[in-house]
Amino acid sequence: WGGQFKDPLFRAKDLLWDSDIRPQGVAANYKNKVSDAFTFFFYPAWFILEDSNHGKGTPNMGVFQAGAYVEPTSSFWFQVAPSYYLNNDLAGNSFPYSSETNTRDSQGNLIYDYRAGVLDLWIGLNFDSSFIERFIFTGQYVKSDADSNDSGWLAGFRIGHKVKKLGDWEIWYNYRELEKDAWPDFLPDSDFYDGGTNVKGHNASLRLGLAKGVWFDLEYYRTEILDVAPSNHTTSEPENLWQFDLNIKF
């Protein structure tokens, strides 16, 4: 989720969701191309987050997202997508796959539902060049219903090509900060300081096309604790993580 309608590869760089998470639920998809330059979309959804064993209800998430894709010229476009996450029954429950970085009560249960407003923004430039095909700025902001430490943001870019064949390349970079109670601590990218909240840092990657449907990824994370004082992390040391992937699509 998160408004990745121009290009699903944006999903891998999301502030709030790990790309491997696939909750059960239902979703609707409405898109209206008003003109060649303007498209409106609305994507409501409802997800089950966990079967509760605490007798406090089943944690679930309602999502309401609307937005627009605007392409005034062939070389410039932008997309904006505000969302609201209506979470229910997270407070009073715990999650076995949590990173344990949110605020909890004396029994180890969450004290907030983490209902949150989110804004996603993309701005793109297309180039008539064989060397650089496009440049895209991406930004994301979240603010939850917590009493403090309740916000987060991401800003980044990608430059190069949409990798399809030998010789295509693309570089991605983003910087992000996610406060302790800005978002449920079992949903963010598990590679970004073990998937917790109360974190900040850099994420960069290089993608190279080796053949049609075959590409190589080199990715680097430089992450650390955002605020040491309220941290539930076992260490406050910065973390450096390298990843190498060979991908084949058929």
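The notes below deal with the structure included here. None of the values given here were measured: they were computed from a predicted structure.

Rules behind the numbers
Residues numbered from 1 in each chain as written. Predicted model: local features only at pLDDT ≥ 70, side-chain atom pairs only at ≥ 80, totals over all residues. Heavy atoms only, no water. Core = buried A, V, L, I, M, F, W, Y, C linked by side-chain atoms within 4.5 Å. Buried < 20%, exposed > 50% of the residue type's maximum accessible area, 1.4 Å probe, protein only. Helix = DSSP H or I, 4+ residues; strand = E, 2+ residues; numbered from the N terminus. Contact = heavy atoms within 4.5 Å. Phe/Tyr/Trp six-rings, centres within 6.5 Å; stacked < 30°, edge-to-face > 60°. Lys NZ or Arg CZ within 6 Å of the ring centre and 35° of its normal.

### Describing the nonpolar core
- Counting 29 residues, the largest nonpolar core has L16, M61, V142, L178 and W183 as its most contacted members.
- Taken together, the elements giving at least two residues each to this core come down to strand 3 (38-48), strand 4 (60-73), strand 6 (116-126) and strand 11 (214-225).
- Sequence-distant contacts of L16, that is, excluding residues within four places in its chain, are made with V118, Q140, V142, L178, W183, L187 and P188.
- If you look at the next biggest cluster of nonpolar residues, it comprises 7 residues, including Y43, Y69, W122 and I136.

### Here we look at unusual backbone geometry
- One non-glycine residue with positive phi stands out, namely D89, at about 65 degrees.
- Here D89 shows up in the loop between strand 5 (76-88) and strand 6.
- Accessibility expressed as a relative area gives 30% for D89, which makes it partly exposed.
- Positive phi is not limited to glycine here, since Y114 has a value of about 60 degrees.

### So, the packing of aromatic side chains
- All chains considered together, the criterion is met by 16 aromatic pairs.
- Taking 5.4 Å as the distance between ring centres and 50 degrees as the angle between the ring planes, the aromatic pair formed by F131 and W169 counts as tilted. Placement of F131 in the loop between strand 6 and strand 7 (134-144) and of W169 in strand 9 (residues 169-178) is noted, with a sequence separation of 38 residues between them.
- Judged by relative accessible area, which is 53%, F131 ranks as exposed.
- Under the relative-accessibility criterion, W169 is labelled buried at 16%.
- Residues W153 and Y175 carry aromatic rings whose centres are separated by 5.5 Å and whose planes lie at 45 degrees to one another, so their mutual orientation is tilted. Here the residue W153 occupies a position in strand 8 (residues 151-160), and Y175 occupies one in strand 9, the gap between them amounting to 22 residues.
- On the basis of relative accessible area, Y175 is assigned to the buried category, the value being 19%.
- Here the aromatic residues W17, Y85 and W183 are joined through ring pairs into a cluster of three or more.
- Across the ring face of F192, the terminal group of R176 is positioned such that the distance to the ring centre comes to 4.4 Å.

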